[in-house]
Number of protein chains: 2
Amino acid sequence: MFQLDYSDARPLYEQIKERIKTLIIRGVLVSNQQLPSVREMASNLTLNPNTIQKAYRDLEAEGYIYSVRGKGNFAAVLSPALKGEEQMQLKKQLMETLTAMQNLGVPLEKALQWVKAAYETEGSDPE
Amino acid sequence: MFQLDYSDARPLYEQIKERIKTLIIRGVLVSNQQLPSVREMASNLTLNPNTIQKAYRDLEAEGYIYSVRGKGNFAAVLSPALKGEEQMQLKKQLMETLTAMQNLGVPLEKALQWVKAAYETEGSDPE
DNA sequence: TTAACTGTACTATTCAAGATATTACAGTTT
DNA sequence: AAACTGTAATATCTTGAATAGTACAGTTAA
């Protein structure tokens, strides 16, 4: 499904959360689609089931997935509120990046050019 | 000089590094300007001098400051190479943010609009 | 009904990174 | 000499992350 980056300083469960979030937002994981079970995912990534459980628990609390006892975990139908939150967060991140670019002397024209380039690349760059 | 965010999960020395980097890039700290001494900064932030030393050591290794034994630490003259690196990193970050926005359904027009807004705000948002 | 899956909840333990505390020494300035 | 600077080293404490193991509850299909 994905790989972990052990050179990344962030905790493993954070990486897992991020990856799954991305897969859901990009529609790779469709609403109500079942995720690998806690034990299976743990086996695939060669780590402890508790770590996966932690990631799943968080993701459910945040509204990205839902879990059914005995059945499994499933991609949630993202609420408009959640999508709005995501958008605001991205906008904030965008503004910060742009401010930094401006301070570094990157001209507006170049910034606009990069934006268009990113959108033209159409596909969902998988990282 | 600045404050620390204890709700931030990242280590303190990382936050310190980031803040100082930003101050230098934005020109708040001019080239060759002296930074607070290790002990003074530690006293101001109410933490251990070792933590500041760690931040300063890293910053020197990365080319943002230089230190003179017995005198102090000073903002470096940023090399074009370092500025280039910074730019590339920001560009990468920008592209990732935009890809995410695109996947969330934010139209190109809106993205461009935000970019212009960020540049119009002129000043260096200190956050 | 049983077996083999699912999720979930504990507790105990190990491990590493971050941060502190303390001491010491070298160079600069007045 | 005193009071600053940087720098280095060691020992200790604390915390979060991750592991290991066990147990129990719900689901599904043979």
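These numbers were taken from a predicted model, which means no experiment stands behind them. (Residues numbered from 1 in each chain as written. Chains lettered and ligands numbered in written order. Predicted model: local features only at pLDDT ≥ 70, side-chain atom pairs only at ≥ 80, totals over all residues. Heavy atoms only, no water.)

(A) Local environment of the environment of B:Tyr64. All names here are of chain B. Of note, Tyr-64 is situated in the loop between helix H3 (49-61) and strand E1 (65-68). Overall, the relative accessible area of 4% leaves Tyr-64 in the buried class. Remark: the alpha-carbon pair of Tyr-64 and Asn-32, spanning 32 residues in sequence, is separated by 11 Å. The contact partners of Tyr-64, leaving out residues within four places of it in the chain, are Lys-21, Ile-24, Ile-25, Leu-59, Ala-75, Ala-76, Leu-78, Leu-82 and Glu-86. Reaching out from Tyr-64, the side chain makes a polar contact with the side chain of Glu-86 at a distance of 2.5 Å. (Helix = DSSP H or I, 4+ residues; strand = E, 2+ residues; numbered from the N terminus. Buried < 20%, exposed > 50% of the residue type's maximum accessible area, 1.4 Å probe, protein only. Contact = heavy atoms within 4.5 Å. Polar contact = N/O pair within 3.5 Å; in protein donor to acceptor, adjacent residues only side chain to side chain.)

(B) Just the protein's contact with DNA strand D, in detail. Near DNA strand D, the surroundings consist of 23 residues, among which A:Leu12, A:Asn50, A:Thr51, A:Lys71 and B:Ser67 are the closest. Taking B:Val38, its main chain carries an N or O atom lying 3.2 Å from a phosphate oxygen of DNA strand D. Taking B:Gly70, its main chain carries an N or O atom lying 3.5 Å from a sugar or linking oxygen of DNA strand D. Elements with a contribution of two residues or more to the surface near DNA strand D: helix H1 (12-25) and helix H3 (49-61) of chain A together with helix H2 (38-45), H3, E1 and strand E2 (72-75) of chain B. In the surface near DNA strand D, the residues fall into six nonpolar, eleven polar and six charged. (Near = heavy atom within 4 Å. Nonpolar A, V, L, I, M, F, W, Y, C, P; charged D, E, K, R; others polar.)

(C) Focus on the domain arrangement of chain A. By the assigned domains, chain A splits into domain 1 (12-75) and domain 2 (80-120). The centre of domain 1 of chain A, based on its C-alpha atoms, is set 29 Å off from the matching centre of domain 2 of chain A. (Domains from an automatic or database assignment.)

(D) Looking closely at H3(B). All names here are of chain B. Helix length check: H3, at 13 residues, gives a terminal C-alpha distance of 18 Å against a target of 18 Å (1.5 Å per residue), a fit within 8%. Among the residues making up H3, those that are buried are Ile-52, Ala-55, Tyr-56, Asp-58 and Leu-59. Down the axis of H3, the sector holding all buried residues measures 160°, keeping them to one side. Opposite the buried face of H3, by more than 90 degrees, sit the exposed residues Asn-50 and Ala-61. Looking at the buried side of H3, the elements it contacts are helix H1 (12-25), H2, E1 and E2. Backbone nitrogen of Asn-50 and a side-chain oxygen of the N-cap are separated by 2.9 Å at the start of H3; the cap is Asn-48. Residue Gly-63 follows H3 closely and has a positive phi angle near 90°. (Expected span 1.5 Å × (residues − 1). Arc of directions from axis to C-beta.)

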